Amino acid sequence: MRPPAVYMIIPFPGLFYWRNRAKAVPLFLLVASSVLVVGTVATLTGSVLMSVYRANVKPYETYSLVVSKQAGIPKQIANEIVACEHVEEMVPVLDSKVKVKGLFGTEGRTILAVPEDGADFCLARIGLRVKKGRLPYAGEDGIAIHEDIATAKGISIGDLVGREVNPDDYLWGMFQVTGILTGDVPYGIASLEYFQTQWALDTGELDFAYLVFPREGHRDEMNSYLAMLSGNQVLVRSLGTAERQFRSESQNMDLLLWLGHFLVVAIISCAMGLLNTVHLLGRMKEYGLLAAIGLTPAQLVRKAFDEVLILAFAGYVLGIVASKGVLIYIAKWILGPRGIPVSPMGLRALMFSLPIPVMLSVFSFATIGRHLLRFDFVSIMEGRD
């Protein structure tokens, strides 16, 4: 009768942790809590960047902005824009901003002042709609604001907003909220006719700026055409320029986050790897017994590494699940009521937190493997080593 294969008498790697839960649970929870912290922070910082993108870049997916460098855009340039085959609509505009509280400080949210007869078109193209109330009438000192802005500022229809109400606000004057908007872009809408009566710069019959909307599928062609307009007379802001500015302003923040994240992950992983190594080295007699019944050093290393992988990735899964639960709680009960949107957990959190189990496994494999590949099981069993 053939003797049983060696692998048949090797216990399943996770069985040791199940039978020794008092030793395994602290390591398991340490991995999970580390992933929880890193995943949550990564998602929250990603939410900040997404919030800035929604406010400052995403609108330019639907229009481009042409602004005068002088006292108004010349009629000749305006006619050239209207005549462009890639342009669907051109709407006169003035703009301002309101101040809101963000996750890591104050942020500005754009207020577009457009003619009353062009407001519905602008809303539809930008992806906004009136949720409550109405848009301001022509010449009215009213304003319709996005629901995120209203929540962040703690105001509703009928309330007043502006620098005369709060000296720290960005929006000049005093406006009464006439409506609440909803949609992907956190904007507000005001009356161009009212803005023009209060505007400090006199442009006469000329318009100071235009929102230029492309025909469907012609955005890039339209932006290429607008880029050829006289640079001495107008400034063109398109999706390309908005994205470049966003990357320029956000890359330093992301770089600091990655550096801080790398240091935190390295320290946490090495500390957990050291604890795990001490824990496994305390089981040398067990490995000596396995070596005595025929396991090769390579098989011992594989068994130890399998245990580390089970611990690391089980803790990783628990940490991700816990982080998702924490983020849901934060979004619903802490930041949501303050008008601060929290992005769903996505690839960014996985990218930031995955190095924890990977580095833990690599560190443990390198230290434990070195011992198991060269240890003398006879000395271990006799208690001489």
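Summarised in this report is the structure supplied together with it. Model, not experiment: these values are computed from the prediction.

**A look at the packing of aromatic side chains**
Two aromatic rings are characterised by how far apart their centres lie and by the angle between their planes.
Part 1 of the reasoning: Throughout the structure, instances matching the rule amount to 10 aromatic pairs.
Part 2 of the reasoning: A network of ring pairs unites the aromatic residues Tyr60, Tyr63, Phe121 and Phe213 as a single cluster.
Part 3 of the reasoning: Lying across the ring of tyrosine 137, arginine 134 places its NZ or CZ 4.0 Å from the centre.

**Considering the layout of surface pockets**
Part 1 of the reasoning: In this structure, the largest pocket encloses a volume near 600 Å³.
Part 2 of the reasoning: Along the walls of the largest pocket sit 27 residues, with Asn56, Lys97, Arg237, Gln245 and Glu249 positioned nearest its centre.
Part 3 of the reasoning: The set of elements that each furnish at least two residues to the lining of the largest pocket consists of helix 2 (21–56), strand 1 (64–68), strand 3 (94–102), strand 4 (105–114), strand 11 (234–237) and helix 8 (239–281).
Part 4 of the reasoning: Residues belonging to the lining of the largest pocket are distributed by class as follows: 17 nonpolar, 5 polar and 5 charged.
Part 5 of the reasoning: Counted as a void, the second largest pocket has a volume near 250 Å³.
Part 6 of the reasoning: Along the wall of the second largest pocket there are 14 residues; nearest its centre are Lys99, Ala152, Lys153, Asn166 and Asp169.

**Examining the nonpolar core**
Part 1 of the reasoning: Leu112, Val114 and Leu211 are the most contacted members of the largest nonpolar core, which totals 48 residues.
Part 2 of the reasoning: Apart from residues no more than four positions distant in its own chain, valine 114 is found in contact with Val91, Pro92, Val93, Ala119, Cys122, Ile189, Ala190, Ser191, Leu192, Glu193 and Leu211.
Part 3 of the reasoning: Of all hydrophobic cores here, the second largest spans 20 residues; its members include Ile320, Leu327, Ile340 and Phe352.

**Considering empty space enclosed by the protein**
Part 1 of the reasoning: Counted under the stated rule, the structure contains 3 cavities of 30 Å³ or more.
Part 2 of the reasoning: Looking at the largest cavity, its volume works out to about 150 Å³.
Part 3 of the reasoning: Around the largest cavity sit 20 residues that line it, and Ser51, Arg109, Gly339, Ile340 and Pro341 are the ones nearest its centre.
Part 4 of the reasoning: Mapped by element, the contributors of at least two residues to the lining of the largest cavity are helix 2, strand 3, strand 4 and helix 5 (147–153).
Part 5 of the reasoning: With 5 residues, the top contributor of residues to the lining of the largest cavity is helix 2.
Part 6 of the reasoning: As a volume, the second largest cavity reaches approximately 40 Å³.
Part 7 of the reasoning: If you go around the second largest cavity, the residues you meet are Val301, Ala304, Phe305, Val308, Ser364, Phe365, Ile368 and Gly369.
Part 8 of the reasoning: Only helix 10 (297–335) and helix 12 (355–374) provide two or more residues apiece to the lining of the second largest cavity.
Part 9 of the reasoning: Looking at the lining of the second largest cavity residue by residue, the classes come out as 6 nonpolar, 2 polar and no charged.

Rules of the game
Residues numbered from 1 in each chain as written. Predicted model: local features only at pLDDT ≥ 70, side-chain atom pairs only at ≥ 80, totals over all residues. Heavy atoms only, no water. Phe/Tyr/Trp six-rings, centres within 6.5 Å; stacked < 30°, edge-to-face > 60°. Lys NZ or Arg CZ within 6 Å of the ring centre and 35° of its normal. 1 Å grid on protein atoms, 1.4 Å probe; cavity = no way out; pocket = protein on both sides within 12 Å on 5 of 7 lines; lining within 4 Å. Points joined across faces, edges and corners; volume = space filled by probe spheres on them. Helix = DSSP H or I, 4+ residues; strand = E, 2+ residues; numbered from the N terminus. Nonpolar A, V, L, I, M, F, W, Y, C, P; charged D, E, K, R; others polar. Core = buried A, V, L, I, M, F, W, Y, C linked by side-chain atoms within 4.5 Å. Buried < 20%, exposed > 50% of the residue type's maximum accessible area, 1.4 Å probe, protein only. Contact = heavy atoms within 4.5 Å.

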